[in-house]
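# An overview of the molecular structure
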Amino acid sequence: DAEITQSPRHKITETGRQVTLACHQTWNHNNMFWYRQDLGHGLRLIHYSYGVQDTNKGEVSDGYSVSRSNTEDLPLTLESAASSQTSVYFCASSDGTGRAYEQYFGPGTRLTVT
Amino acid sequence: SQQGEEDPQALSIQEGENATMNCSYKTSINNLQWYRQNSGRGLVHLILIRSNEREKHSGRLRVTLDTSKKSSSLLITASRAADTASYFCATDARLGAQKLVFGQGTRLTINP
């Protein structure tokens, strides 16, 4: 069955370190998204991609970057981790063709920056 | 900025009762979606309603959309303990953009 996976599921890192969170989907979806979820803020969009070599900034993109070198993967990099980036991160994908807008979510990565 | 805002923030009912959650949004939309999130898990898509639709059903779920009031409601009938979760509305505000803006969610607890 097609799925979307994230790794690691839990990560503890120190302030100032570079961290990369992986997202891999086997749906063959064009669109991929990264969100962070914090109490009181719901889900906020960090970056998104509509296809290979395409990346776009979302609502809270400062301090984060993504790259899309193939259809299946959209890794999220925190260039220099800050305590404010402690959060739960979700990756999602959706079919970019037709009118299929629903997004499929991964299980999340809980990141703690100490 | 949050497009959708759910109401209430938390809801606790007895098993078998109906649960109603509301969502309000600020700008014109192309479609509105509802998602469920069980504790510690990712979101799961429940139902999508397009801007030219007023009501949609899926099993025990009923969604309404009132574009004049910029609001939607999600009704879960005959609730079960397994319905305990957080429910989020999400709006797709721009044709072709396919990116969603999520509300802060309603935490639903079904008591046995």
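## Some words on the overall build of chain A
Check the secondary structure of chain A and you find zero helices and eleven strands. A compact globule built from 114 residues should have a C-alpha radius of gyration of about 13 Å, and chain A, at 13 Å, falls within 12% of that. Across the 114 residues that make up chain A, the buried fraction comes to 46%. In chain A, 54% of the contacts between residues at least 6 apart in sequence involve partners at least 24 apart. With the model as given, the accessible surface of chain A reaches about 5,400 Å², and the carbon-plus-sulfur share is 45%.

## Topic: the overall build of chain B
When its secondary structure is counted, chain B shows zero helices and eleven strands. The C-alpha radius of gyration of chain B comes to 13 Å, within 12% of the 13 Å expected for a compact globule of 112 residues. Along the three orthogonal principal directions, the C-alpha set of chain B runs to about 40 × 30 × 20 Å. By residue count, 45% of the 112 residues in chain B fall in the buried class. For chain B, long-range pairs separated by at least 24 residues make up 55% of all intrachain contacts whose partners lie at least 6 apart in sequence. Within the structure as shown, chain B displays about 5,300 Å² of accessible surface, and the carbon and sulfur contribution to it stands at 45%. Considering chain B, the positive charge centre built from 14 side chains and the negative charge centre built from 10 side chains are found 6 Å apart.

## Structural notes on the environment of Q85 of chain A
Residues and elements named next belong to chain A. Mapped onto the elements, Q85 comes out in the loop between β8 (76-78) and β9 (87-94). Judged by its relative accessible area of 5%, Q85 is buried. A C-alpha to C-alpha distance of 8.7 Å links Q85 and G63, two positions 22 residues apart in sequence. Apart from the residues lying within four places of it in its own chain, the contact partners of Q85 are R36, D62, G63, Y64, L78, S80, L111 and V113. Among the polar contacts listed, one links the side chain of Q85 to the backbone oxygen of G63, at a separation of 3.4 Å.

Conventions we followed
Residues numbered from 1 in each chain as written. Chains lettered and ligands numbered in written order. Predicted model: local features only at pLDDT ≥ 70, side-chain atom pairs only at ≥ 80, totals over all residues. Heavy atoms only, no water. Helix = DSSP H or I, 4+ residues; strand = E, 2+ residues; numbered from the N terminus. Rg over C-alpha atoms; globule rule 2.2 N^0.38 Å. Buried < 20%, exposed > 50% of the residue type's maximum accessible area, 1.4 Å probe, protein only. Contact = heavy atoms within 4.5 Å. Areas by Shrake-Rupley, 256 points an atom, 1.4 Å probe, with all protein chains shown as cover. Lys, Arg positive; Asp, Glu negative; His and termini not counted. Charge placed at Lys NZ, Arg CZ, Asp CG, Glu CD. Polar contact = N/O pair within 3.5 Å; in protein donor to acceptor, adjacent residues only side chain to side chain.

The values reported here are purely geometric and, on their own, carry no functional implication.
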